[in-house]
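# Fold and contact review
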Amino acid sequence: MPSAQRTGVSLVGGLILCLPLIALALLFEFLTGAALQRTYTLFLINLIAVIGLGIFSGNSGILSFGHVAFIGLGAYVSGILTLPLATKASALPHLPAMLAGIEWGLPAALLATVISVGIFGALIGAPIVRMGGAAAVIATLGLLLIVHGIIIGASDFTRGSNAFLGVAKKTDIWVALAIAVPIILLARWYRDSRRGAQLRASREDELAARAIGIDVVKMRIGAWTISAMICAAAGALLAHFLGAFSPSKFYFDDTLTLLTMLIVGGMTTVSGALCGAVLVTLTVEILRRVEGGVDLFGWQTPEMFGMTQAGLCLMILLVMYRRPAGLFAREIGERWLRPAPAVPHAGSDLSVAAAGELTIEAATKDFSGLRALENVSVTVRPGEIVGLIGPNGSGKTTLLNLVSGVLSPNAGRILIDGADATRWPAHKVAQAGVGRTFQNIRLFGHLSVLENVEIAATTRADGSAESARALACQLLAEFGLEGSAGRLAGELDYGAQRRLEIARALALRPRYLLLDEPAAGMNPTESNQLLAELAELRRRTGIALLVIDHDMSLIMRLCDRIVVLNRGQVIAQGKPAEIQRDPAVIEAYIGRKRAARVPTATSLQMQGATP
Ligand code: ADP
Ligand code: MG
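I will try to describe carefully the structure that is included in this document. (Residues numbered from 1 in each chain as written. Chains lettered and ligands numbered in written order. Predicted model: local features only at pLDDT ≥ 70, side-chain atom pairs only at ≥ 80, totals over all residues. Heavy atoms only, no water.)

Moving on, we come to the sheet that holds strand β10 (residues 544-548). Strand pairing in a sheet relies on backbone hydrogen bonds, with the paired strands running either antiparallel or parallel. In space, the six strands of this open sheet follow the order β8-β9-β10-β5-β11-β12, with mixed pairing throughout. What marks the edges here is a single partner per strand, and that holds for β8 (434-436) and β12 (569-574). Geometrically, the sheet is characterised by an average inter-axis angle of 20 degrees between neighbouring strands, direction not taken into account. Against the sheet, helix α17 (residues 396-403) touches β5 (385-389), β8, β9 (512-516), β10 and β11 (561-566), its axis set at about 150 degrees to β9. (Pairing = 2+ DSSP bridges. Helix = DSSP H or I, 4+ residues; strand = E, 2+ residues; numbered from the N terminus. Axes fitted to C-alpha atoms, helices over the stretch in contact; angles between N-to-C directions. Contact = heavy atoms within 4.5 Å.)

Structure (structure tokens):
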């Protein structure tokens, strides 16, 4: 699908969400009283915040407890910028002269707030998102606590824990709507964009994402910064809606509310954020009334503090139990807006240009006391198929991890076409033309089969969206997966998943492909088919393969040359026939005692060695 058409589809998807919001705004503005108008305005502000949070947390998969800090900063910064001079002089007498003399309008203040909080967000986000996983989540919690402390501590600017008063109430339904609509469109567009799709892939499996050339940290910093800016805008609107606020407004209560909206609705979609915001706002409105005690047919219920929070937690639990992905795992309208996949350019040329060789030079790798590899040197020449065999734990996967940039060696070098790639991050190795698969399959299970391959194709610097789609379709066809293009990758059977992983790695158009046990779990028919596919692939494209497998029949028939590892050391290298006769190899595979009794000419294949 051409990128302009893709953008169009995203924007129409966004408009579908905006239209009911606009209709409701008209309804509340002209047909109801001030109380409902205020509730709706507050809902729109919350919606902006939750969509902002979703751009980061939804796409990256890292739950953030810290974004309410950006809302708080947005409120205070914009409040200081718009506060009337007279109020400022009495309420904030110690303000620096530069700020004391400013009384801006809301638009200018909003812009300045979004930019300044965005810069702060980018700086603080860089180290947080680098951590990833649970550490990043805990760091976001730290951010919330620290910013809360700073707001209280910087009393010259914020009046400390006292209320910040006198902000002009300029946010009404229309102001909130005017910001909410473009932000919904932006979030919807971002989600479907190349970057959004790459970030969502990394959410599924970070290591696999890096192995197809995605610079995960860069994508996360981008999304984090955009989301911090949107939350700051929500904060500015909130300040000019409330008129007065204190630091406690921007703490755990609102964090819980926002996260509930996101989790209940469905983290990964804008439709989910919207639906979650509606449900949670309604629930909170009802529970707040019940909390204060209500008149039930003449019987006054007691006051029940904490009921709102308990209700929200119950909502999260219920949704997690019934629908872990939230209510909307797909965007509203996605199914019928998205046209059928493009027809592949059948048989387009996939050949790769030989540029040098892949060299592992005297690599050593230690894992806290355990020497997994010692002084290992292996060279893979253009168009060559090299087999890497050895008993379990001999260091085969570790060697692949060194080459692909997942690990770096303690000593030795990795050279890709002459360039020293020893310390390159995994995504750079991938972009330099080295693709890989994983011993324990690592697909993006919740993305479609087509998306898995297409996203990999988009990481190529020269790839347009159209050519990425066409290449993905062609690769699926070559691996017999075209019939499953629309299915989720996680739903495929084992053999198909392994083939899909190879197709995904090939979407990088690599010159070298590293396969870690591609035939594991396959029956003989499947592994014969794989053998034919790999041999044909090499013949047609000139790609070089480094293949690890325990299927000796496959390795002996497929490979030009075999390298044997034992206890982290290369014990033999040579043609399949030589390796089968090598006494050291036979000993490593079947043990010293039996080796003494077995004639050296015994082939490993005949022994049926399955280490
Ligand atoms: P193979 O793929 O040949 O079965 P591996 O490369 O996976 O072997 O492992 C080689 C040795 O290194 C094993 O003893 C394994 O336990 C150890 N090892 C591998 N990865 C790690 C790691 N990340 N941390 C600690 N030890 C590891
Ligand atoms: Mg292994």
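After that view, the rundown keeps rolling.
This brings us to the pattern of salt bridges. Overall, the coordinates contain 23 salt bridges when judged by the stated rule. Linking R371 and D366 is a salt bridge whose minimum nitrogen-to-oxygen distance equals 2.7 Å. Among the ionic pairs, E536 bridges to R539, the shortest N-O distance being 3.0 Å. One end of the pair, E536, and the other, R539, are both in helix α22 (residues 524-541), three residues apart, so they sit about a helical turn from each other. Residue E536 is classed as partly exposed on the basis of its relative accessible area, which comes to 32%. Classification of R539 by relative accessible area gives exposed; the value is 59%. What you see here is one network of salt bridges that share partners, running through R188, R191, D192 and E331. (Salt bridge = Lys/Arg side-chain N within 4 Å of Asp/Glu carboxyl O. Buried < 20%, exposed > 50% of the residue type's maximum accessible area, 1.4 Å probe, protein only.)

What follows covers the packing of aromatic side chains. Tallied over the full model, the rule gives eleven aromatic pairs. Aromatic side chains Y76 and F164 sit 5.4 Å apart centroid to centroid with 80 degrees between the ring planes, which places their arrangement in the edge-to-face category. With Y76 in helix α3 (residues 67-82) and F164 in the loop between α8 (155-158) and α9 (173-192), this residue pair connects regions lying 88 residues apart in the sequence. When the ring of F164 is compared with that of F245, the centres are 5.3 Å apart and the planes differ by 15 degrees; the resulting orientation is stacked. (Phe/Tyr/Trp six-rings, centres within 6.5 Å; stacked < 30°, edge-to-face > 60°.)

Taken together, the four strands give an open sheet; going across it, the order is β4-β3-β6-β7, and neighbouring strands pair in antiparallel fashion. Of all strands in the sheet, those bounded by a partner on one side alone are β4 (370-380) and β7 (419-420). Of the strands in this sheet, β3 (358-367), β4 and β6 (411-416) touch α17, which is tilted by about 115 degrees from β3.

Let us now look at the coordination of the magnesium ion (ligand 2). All of the protein donors around the magnesium ion (ligand 2) are T397 (OG1) and Q439 (OE1); their distances to the metal are 2.0 to 2.1 Å. One end of the pair, T397, is in helix α17; the other, Q439, is in the loop between β8 and α19 (449-458), with 42 residues separating them in the sequence. (Donors = N, O, S within 2.8 Å, 3.2 Å for Na, K, Ca; no water.)

Think of an α-helix as turning once every 3.6 residues; residues three or four places apart then point the same way. Within α17, seven of the eight residues are buried, which leaves it mostly tucked inside the rest of the structure. Turning to α17, its buried residues number three or more, namely K396, T398, L399, L400, N401, L402 and V403. Just downstream of α17, G405 is the residue with a positive phi angle, here 85 degrees.

This brings us to α9. Look at α9: 28 Å from first C-alpha to last across 20 residues, which is about the 28 Å you get at 1.5 Å a residue. The element α9 is extensively covered by neighbouring structure, given that 14 of its 20 residues are classed as buried. (Expected span 1.5 Å × (residues − 1).)

Our focus in this paragraph is a nonpolar patch on the surface. Nonpolar side chains collect at one region of the surface, where L19, I22, L24, L26, L27, F30 and L31 lie side by side and expose about 670 Å² of accessible area between them. Examined against the element boundaries, F30 turns out to sit in helix α1 (residues 3-31). (Patch = residues over 30% accessible without salt bridge, like charges linked within 9 Å, V, L, I, M, F, W, Y side chains within 5 Å. Areas by Shrake-Rupley, 256 points an atom, 1.4 Å probe, with all protein chains shown as cover.)

Turning our eyes to something else, we now look at the site of ligand 1. Near ligand 1 you find F367, L370, A372, P391, N392, G393, S394, G395, K396, T397 and T398, and these make up its full shell. Contact between ligand 1 and G395: an oxygen atom at 3.0 Å from a main-chain N or O atom of the residue. T398 is positioned with one of its side-chain polar atoms (N or O) 2.5 Å from an oxygen atom of ligand 1. Across the complex, the protein chains shield 60% of the 550 Å² of accessible surface that ligand 1 would expose by itself. Among the elements of the structure, β4 and α17 are those that each provide at least two residues to the shell around ligand 1. The element best represented in the shell around ligand 1 is α17, accounting for three residues. (Near = heavy atom within 4 Å. Polar contact = N/O pair within 3.5 Å; in protein donor to acceptor, adjacent residues only side chain to side chain.)

So, on to the nonpolar core. Membership of the largest hydrophobic core comes to 154 residues, with the highest contact counts inside it found for L21, L47, V50, I51, L500 and L513. Viewed by domain, this core spans two of them, domain 1 (3-249) and domain 2 (358-433 + 510-597), each represented by three or more residues. The residues contacting L500, other than those within four sequence positions of it, are L443, V449, N452, V453, L476, L481, A489 and L492. In this structure, L388, V429, L546 and V563 belong to the second largest nonpolar core, which totals 27 residues. (Core = buried A, V, L, I, M, F, W, Y, C linked by side-chain atoms within 4.5 Å. Domains from an automatic or database assignment.)

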